[in-house]
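# Descriptive structure summary
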Amino acid sequence: MIYYKINVVICLCFVPLFAIAENPEDLSIKLEVKRAIEKGMSWLNSEQNRTGGHWGDPQYPALTGLALRANLGAPSDEGIKGSDKDLKRGFDFILSKVQSDGGIYSKGLASYNTSICLMTLLQAKNQGYQEIINNARRFLINQQSDFDKKGESDNTFDGGIGYGSTWAHSDLSNTHLAMEALFYAKKTLKSKEEAFDLDWDAAIAFVSKCQNLATSNQEAWVSDDERDRGGFVYFPGKSMAGERQKSNGQVALRSYGSMSYAGLLSFIYAEMEPSDERILAVRTWLSKNYTIDENPGMGPQGLFYYYHTMSKALSLSGVDQIKDKQGNFRDWRKELALELINQQTSQGFWINENGRWWEKDPILVSCYALLSLERIFYAL
């Protein structure tokens, strides 16, 4: 199982430790991580469009949001972060994508882009953004699905969030990103603004319907195989990891790593009790399937998204070591740090040769890597 201490209050900014670790090995790794961040940030900031202020495809402001978050979280040493002028250009670009409905997007993937850009504005801690933050929050709340009879949980996809109005149903990836943004955004509100909120119970119900756990999820696809118990799928009825046959001959869905961390994060943002069987079950699955060599169940597909969700979920849970299926205690921070350092190119970026879910885009992948390394850096 995972040994953890829950940290309910989660900061938006990364706070450096004042005392350097006394262990020479820890200090050595910390310096290597810092160097990887420096190289990565140097490359990433060289990719900013100085005219438009954005990173990557301007149709997806989430890419700029992730790049700005990497800048905001980087060590404050001179020369690591982008200049104030360049960062302002990036924020101005995000503000240019604010829509009349409160969302922050261009032509599509409205929920996804808004969730990430909202997190970026929150991390900036600029009071001038508060009205935009409030409106983006309301937009995301309005994206919560309520099919069939309004106000009743009578549809499998009720309570979740999808990519936007053109997306037919909710999915766990978008739901956990929206829950993250709404969890933090609520902390910035005045009391009179808190009345309008996500239906957190409905969101938990949807997330639970994505979990391979028969005691809390009665969906027909739930696997009775011990290899799947406690893990998560993409949405009810669909796993990117494929299917397996149940003992009764019916089709079951396989659990996989990145969505299992997304499921754990959803429960954390919903502030569920750590003793809840759903949390205990996913932690057990993640322990049994712990690896940094692949996205469990998916191989190289979505590997850097997996690293990103892993580093967030384990950090926010206060996990220092994981007991793997062989019974060995694993220092996930050091192992992940060394893996990311080894995968960094000489130019400073990262890329996944498997292009599933945009992971051949070095800007997206490098942001995932940098955000993961920054969490590790401050914990070493």
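Above: the structure in question.
Residues numbered from 1 in each chain as written. Predicted model: local features only at pLDDT ≥ 70, side-chain atom pairs only at ≥ 80, totals over all residues. Heavy atoms only, no water.

### Concerning the packing of aromatic side chains
The geometry of an aromatic ring pair comes down to the distance between the two centres and the angle between the two planes. Using the criterion set out here, one finds 16 aromatic pairs in the structure. Geometrically, the ring pair formed by Phe183 and Tyr269 is tilted, given 5.9 Å between the ring centres and 40° between the ring planes. Of this pair, Phe183 sits in helix 6 (residues 172-186) while Tyr269 sits in helix 8 (residues 257-269), placing them 86 residues apart in sequence. We note that Phe183, like Tyr269, is buried. Centroid distance Phe377 to Tyr378: 5.0 Å. Interplanar angle 75°. Geometry classified as edge-to-face. What makes Tyr378 buried here is its relative accessible area of 10%. Grouping aromatic residues by their ring pairs yields a cluster made of Tyr261, Phe304, Tyr306 and Tyr307. Cation over ring: Lys30 sits above Phe377, and NZ or CZ is 4.8 Å from the ring centre. (Phe/Tyr/Trp six-rings, centres within 6.5 Å; stacked < 30°, edge-to-face > 60°. Helix = DSSP H or I, 4+ residues; strand = E, 2+ residues; numbered from the N terminus. Buried < 20%, exposed > 50% of the residue type's maximum accessible area, 1.4 Å probe, protein only. Lys NZ or Arg CZ within 6 Å of the ring centre and 35° of its normal.)

### Things to note about the nonpolar core
With 110 residues, the main nonpolar core has Val33, Ile37, Leu44 and Phe304 as its most contacted residues. It is helix 12 (residues 362-379) that contributes the most residues to this core, twelve residues altogether. If we skip the residues at most four places from it in the chain, Leu44 touches Trp55, Ala67, Ala70, Ile363, Cys367 and Leu370. (Core = buried A, V, L, I, M, F, W, Y, C linked by side-chain atoms within 4.5 Å. Contact = heavy atoms within 4.5 Å.)

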